[in-house]
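As a plain string of letters, each chain reads:
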Amino acid sequence: MHSIAEKIKERFPDEFVEAREHRGQLAVMVKKGRIVEICRFLHDDQDLAFNHITDVTAVDYPNDEERFEVVYHFYSIPKNQRIRLKARVREEDCAIDSVSGIWQGANFMERETYDLMGIRFNGHPDLRRILLTDDFDGHPLRKDYPVEGRGWRNTFEFLPKSEEVEK
Amino acid sequence: MAVEQPEQETAIKSERVVEESPLRRTEDLLLNMGPQHPATHGVLRVILELEGEKVLKATPDLGFLHRGVEKLAENETYNQIIPHTDRLDYVCSMTNNFAYVRAVEKLLDLKIPERAEFIRTIIAETQRIVGHLFWLGTQALDIGAMTMFFWTFREREVLLDLFEQLCGARLTTNYYRIGGVDSDLTPEIITRLRKFLHHFPAAIEEYEALLANNRIWLARTKNVAVISAEDAINFGLTGPVLRGSGVMYDIRKAEPYAAYDRVEWDVPLGKHGDTYDRYWVRMQEMRQSARIIRQCLDKLPQGPILSENAAGVVLPPKEKVMHDMESLIHHFIIVTHGVRVPKGEVYVGTEVPKGELGFYIVSDGTTKPYRLKIRSPSFVNMGAFDHMARGYLISDVVTIFGTYDVVMGECDR
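Residues numbered from 1 in each chain as written. Chains lettered and ligands numbered in written order. Predicted model: local features only at pLDDT ≥ 70, side-chain atom pairs only at ≥ 80, totals over all residues.

Digging into the overall build of chain B
Next, step 1: Broken down by element type, chain B carries 18 helices and 8 strands.
Next, step 2: Each principal axis of the C-alpha atoms in chain B carries an extent, and together these give about 95 × 55 × 45 Å.
Next, step 3: Counting over 413 residues, chain B shows a buried share of 48%.
Next, step 4: Counted over contacts in chain B with a minimum sequence separation of 6, partners at least 24 positions apart contribute 70%. (Helix = DSSP H or I, 4+ residues; strand = E, 2+ residues; numbered from the N terminus. Buried ≥ 20, exposed ≤ 12 C-beta atoms within 10 Å, placed from the backbone. Contact = placed C-beta atoms within 7 Å.)

Focus: the confidence of the model for chain A
Next, step 1: Here chain A averages 86 in pLDDT, and 93% of its residues register 70 or above.
Next, step 2: Within chain A, helix α4 (residues 162-166) of chain A has the poorest average pLDDT of any element, 60, and strand β4 (residues 68-76) of chain A the best, 92. (pLDDT = per-residue confidence, 0-100.)

What about the interface of chain A and chain B?
Next, step 1: Residue-level contacts link 25 residues of chain A with 32 residues of chain B.
Next, step 2: Counting residues per element, the side of chain A that touches chain B draws most heavily on strand β3 (residues 52-60) of chain A, at 6 residues.
Next, step 3: For the side of chain A that touches chain B, the residue count by class is 11 nonpolar, 11 polar and 3 charged. (Nonpolar A, V, L, I, M, F, W, Y, C, P; charged D, E, K, R; others polar.)

With respect to the sheet that holds β4(A)
Residue and element names in this part refer to chain A.
Next, step 1: If you walk across this open sheet you meet the 5 strands as β1-β2-β5-β4-β3, and the pairing is mixed. The two strands at the open ends of the sheet, each matched to only one other strand, are β1 (16-22) and β3. Here the average twist between neighbouring strands, direction ignored, is 20°.
Next, step 2: Two elements, β3 and β4, share 8 bridges in a ladder whose sense is antiparallel. Looking at β4, one finds that Val-56 is bridged to Tyr-72.
Next, step 3: The strands that helix α3 (residues 106-117) touches are β3 and β4; relative to β3, the one it contacts most, it runs at about 10°. (Pairing = 2+ DSSP bridges. Axes fitted to C-alpha atoms, helices over the stretch in contact; angles between N-to-C directions.)

So, the environment of Lys354(B)
Residue and element names in this part refer to chain B.
Next, step 1: Tracing the sequence through the fold places Lys-354 in the loop between β6 (344-352) and β7 (355-363).
Next, step 2: Spatially, the C-alpha atom of Lys-354 lies 10.0 Å from that of Arg-282, the residues being 72 residues apart in sequence.
Next, step 3: If we ignore the near neighbours within four places in the chain, the residues touching Lys-354 are Asp-89, Gly-239, Pro-377, Ser-378 and Asp-405.

Focus: the nonpolar core
Soluble, globular proteins show a tendency: their nonpolar side chains are buried together.
Residues and elements named next belong to chain B.
Next, step 1: Core analysis: the biggest nonpolar cluster contains 142 residues, and Ala-103, Val-104, Phe-359 and Ile-361 have the highest contact counts within it.
Next, step 2: Residue contributions to this core peak at 13 residues, all from helix α5 (residues 114-143).
Next, step 3: In this structure, Ala-103 is in contact with Val-346, Val-348, Phe-359 and Ile-361, ignoring residues within four places of it in sequence. (Core = buried A, V, L, I, M, F, W, Y, C linked by C-beta atoms within 7 Å.)

Set out below in structure tokens:
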């Protein structure tokens, strides 16, 4: 196992789920409960020093028991290493703790994930939609969001609905 | 009868009355800037809380140009997504193509021929010069230096004509391919590029002669929108905005790709993290880009420009399709079904003129990505906007848009 993954496992044995390497990139899956503590450890530890946040996003797996996978990408400028941290979130309890207290840059990234995927970030200072309008219905990057048929056209009664046209 | 302008004396008198009145009160002013504002570089709205002219809080309101590229990408084959990346940062489409195809190639574990790697480096650096020239012209225009705009566009035009000769388009180029590039550098293009590089250093000196000692330019950029190195890292900033604060992070050096580790070049770093330092970093980067291109042209090897022995991934050459059954089948499959990418996930960051453009692709083994996430530098940089604008004047807000080199197409995706 990768040395960074071992370090996380050593420090958080109960939270660690699995570590995978694909094309030389390390991905560590953890439980969502103590995500802020794990991130704080990644940020503060001398050997890890992941001081730069690259990205926060989420992937939707509608058939899985824990439907959403929140994906963090961190980079360490002093050590020149990258890590992908993942945590699964259930659809019923679609929330995870915010890491914007550690990296301020996470603020916008988490807002975007909330906007497009509908995952709430507990403790986020300003959790609003960012790319879509405030009155937008639904979260378009979810797999069950229709690609067509929710536009302006569907507001006209006399036009056939796109799903009817298909049949 | 014409209405006479009131005497100035009355105005002064009324002001005096207000001062003596017990009803006098002060309040913070809420000002909407944009989305239709010439200095916001696209459709960006910022809600400013002001005390007089001083900014207390700036809240960017994004998404006016949101087109759902990530959702679109989930329903298109890997090759069909390349033109969409042109339209992210429409000022620098070449480097966007590059960032995307690099991510797919990493997923495919594809080896790129030597000549293609050099051509990619040359074109990416040419695009960096184009992007920085565009930034310099527009930022100077925002600050009030009209001449710069004409001068930088004079050089930019030469390079865009070159792109046109290379791939038929000036802005939305769609030039990079999974496994290489679309067309080869002809001797004529190389001659034209060399001619440009010969004149370019003098052009940069010309720009600097206009700006570097210009009192207005210095007053508007020095000690404006200062961000410390720690804050810049904490906000996740990348590119010239991060390097202006003196942080050494350039993906071309940290994780060398293409031909960047085979040429000599330096990373310019700022000291104070103000708008002037970011200007200086970009000016030096243009010089370094010219240096990289010159060396790459000297070392340019012969050979193919698209991966060979990558059947089912790279389109076979047209002559082969006409005579060889196998190639015809591969051609047909790629065009009608798309490229089948093995299951897995990668994140690949590429240094584009604005910072780190990253593509996170999750593949489920089909011809379309299961999830494609674009980490755009403009979006992340906008996250630090409030932090950088606080305490400065409204007129400085305009220069902060400029110093990010923000392009909304990329920010909103």
